[in-house]
Amino acid sequence: MTANLHSGQPSRRPYVPQAPAGTNRFGIHPFDAPLGAEVIGLDLSQPLSAEDFARIHRAHLDHHVLVFRDQRITPDQQVAFSRRFGPLQIHVLHQFQLTGHPEILVVSNVVENGKPIGLGDAGHFWHSDLSYKDKPSLGSLLHARELPAEGGDTLLANMHLAWDTLPVELQRAVDGLQAEHTYLARYAELQARSPWRPDLTPEQVARVLPVLQPIVRTHPETGRKAIFVSEHFTTRIAGLPEGESRELLDQLFAHSTRAEHVYRHRWQGNDLVFWDNRSLLHLAAGCPPELRRVMYRTTIEGDVPR
Ligand code: SIN
């Protein structure tokens, strides 16, 4: 990836909201980037009060990504914190569930005894998690369990900014239209080049039938508009000839992920990163294959996009 992407270092003038008396005095520091803030001094292995939860919830809506530093949490604690935001979704690739924790998808390039322990090519293309479901994900939480010494970054792009800066003629061309999203859009392509894409059973295929989603969605909690298509899962614009649909989608993909919309997350040990799938696309930048990377992901169910 290019070097001019935002580094995600905290801004020089951190904004630290006043914590109500009696609550955890953690700080929320916005990044000097198009999105994101880090949360310092909060221990998610401990129960979160209603006041602290409200502060985190507000900050998540404002910044779209929260990076909780130094979280030494168990899988159960990750699941419990994730559930505060809504019901959890179970990924269709049950092969990569964490044993005893179906809500956790293991994202990893590690192969043990000839078998991948997790989904090694998750995030290979820009996408919003589970946009191929009737109810796509509200947000995902990714916990760093083992990090490579080099690479392994995650890039996140702000789809509100992408909409706000889209040329007016393109806004007019796509607003009100729907596009098809399908989990299978690039499955065969990924399967041809990696060991992480098992053949799907008929039951798995039935769980990921194509759906139509608005190209421009309105965030259900903030009312802000966001582009909601991705190079991974969006195949065509409904009602348009193939050539016209392809051309518009390619323009949207290229605009959405311009460097000025992107924050690059360089992982630190025990980071827990919580992103809003209604506001963002994300991409895994990858790392040298011989270096181990192990992450645990939980995914919260969201609304039907409108
Ligand atoms: C994902 O797309 O959920 C995985 C992102 C990453 O591994 O950085």
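Residues numbered from 1 in each chain as written. Predicted model: local features only at pLDDT ≥ 70, side-chain atom pairs only at ≥ 80, totals over all residues. Heavy atoms only, no water.

Looking at an unreviewed UniProt entry, one finds the chain named Alpha-ketoglutarate-dependent taurine dioxygenase and attributed to Cupriavidus yeoncheonensis. Database annotation for the chain, UniProt heading Sequence similarities (unreviewed entry): "Belongs to the TfdA dioxygenase family." (UniProt positions renumbered as here; feature names shortened; annotations may be inferred.)

Asks: I tried to follow the site of the ligand on my own but got confused; where do I start?
Replies: The immediate surroundings of the ligand are formed by Val 107, Ala 122, Gly 123, His 127, Leu 142, Thr 154, Trp 275, His 282, Ala 284, Arg 293 and Arg 297. At 2.5 Å from an oxygen atom of the ligand is found a side-chain nitrogen or oxygen belonging to Thr 154. Calculation on the ligand without its partners gives an accessible area of 260 Å², and the protein chains cover 100% of this total. Per-class residue counts for the shell around the ligand are five nonpolar, four polar and two charged. (Near = heavy atom within 4 Å. Polar contact = N/O pair within 3.5 Å; in protein donor to acceptor, adjacent residues only side chain to side chain. Areas by Shrake-Rupley, 256 points an atom, 1.4 Å probe, with all protein chains shown as cover. Nonpolar A, V, L, I, M, F, W, Y, C, P; charged D, E, K, R; others polar.)

Asks: Please explain unusual backbone geometry as it appears in this structure.
Replies: Excluding glycine, a negative phi dihedral is what most residues carry, and trans is how most peptide bonds are arranged. With phi around 55 degrees, Asp 70 is a residue other than glycine that occupies positive phi space. Structurally, Asp 70 is set in the loop between β3 (65–68) and α2 (75–83). What makes Asp 70 partly exposed here is its relative accessible area of 44%. Unusually for a residue other than glycine, Leu 130 sits at a positive phi of about 60 degrees. Secondary-structure assignment places Leu 130 in the loop between β7 (115–116) and β8 (137–146). Using a relative accessible area of 5% as the deciding quantity, one classes Leu 130 as buried. (Helix = DSSP H or I, 4+ residues; strand = E, 2+ residues; numbered from the N terminus. Buried < 20%, exposed > 50% of the residue type's maximum accessible area, 1.4 Å probe, protein only.)

Asks: Quick question: what am I supposed to make of the environment of Phe 125 here?
Replies: If you trace the backbone, Phe 125 turns up in the loop between β7 and β8. Counting along the chain gives 135 residues from Phe 125 to Glu 260, while the straight-line C-alpha distance between them is 18 Å. Setting aside residues no more than four positions away along its own chain, Phe 125 makes contact with Arg 186, Glu 189, Leu 190, Arg 193, Glu 231, His 232, His 282 and Leu 283. (Contact = heavy atoms within 4.5 Å.)

Asks: Help me understand the confidence of the model for the chain in this model?
Replies: The predicted coordinates should not be examined in detail at positions where pLDDT is low. Summing up the model confidence of the chain, the mean pLDDT is 93 and the portion of residues at 70 or higher is 92%. Predicted confidence for residues 1–22 stays below pLDDT 50, and this span has 47 contacts to residues more than four positions away or in other chains. (pLDDT = per-residue confidence, 0-100.)

Asks: Please clarify how the pattern of salt bridges should be interpreted in this entry.
Replies: Oppositely charged side chains can pair when the atoms bearing their charge come close. Counted under the stated rule, the structure contains 20 salt bridges. Across the pair Arg 266 and Asp 153 runs a salt bridge, and its minimum N-O distance is 3.9 Å. Remark: Asp 153 occurs in the loop between β8 and β9 (154–158) and Arg 266 occurs in the loop between β15 (262–265) and β16 (272–276); sequence separation between them is 113 residues. Residue classification places Asp 153 among the buried positions, given a relative accessible area of 11%. We note a salt bridge from Asp 164 to Arg 224, for which the minimum N-O separation is 3.3 Å. Of this pair, Asp 164 sits in helix α3 (residues 159–164) while Arg 224 sits in the loop between β12 (216–218) and β13 (225–227), and the two are 60 residues apart along the sequence. The exposure class of Asp 164 is partly exposed, given its relative accessible area of 47%. Salt bridges linked by common partners bring Glu 38, Arg 69 and Asp 271 together as one network. (Salt bridge = Lys/Arg side-chain N within 4 Å of Asp/Glu carboxyl O.)

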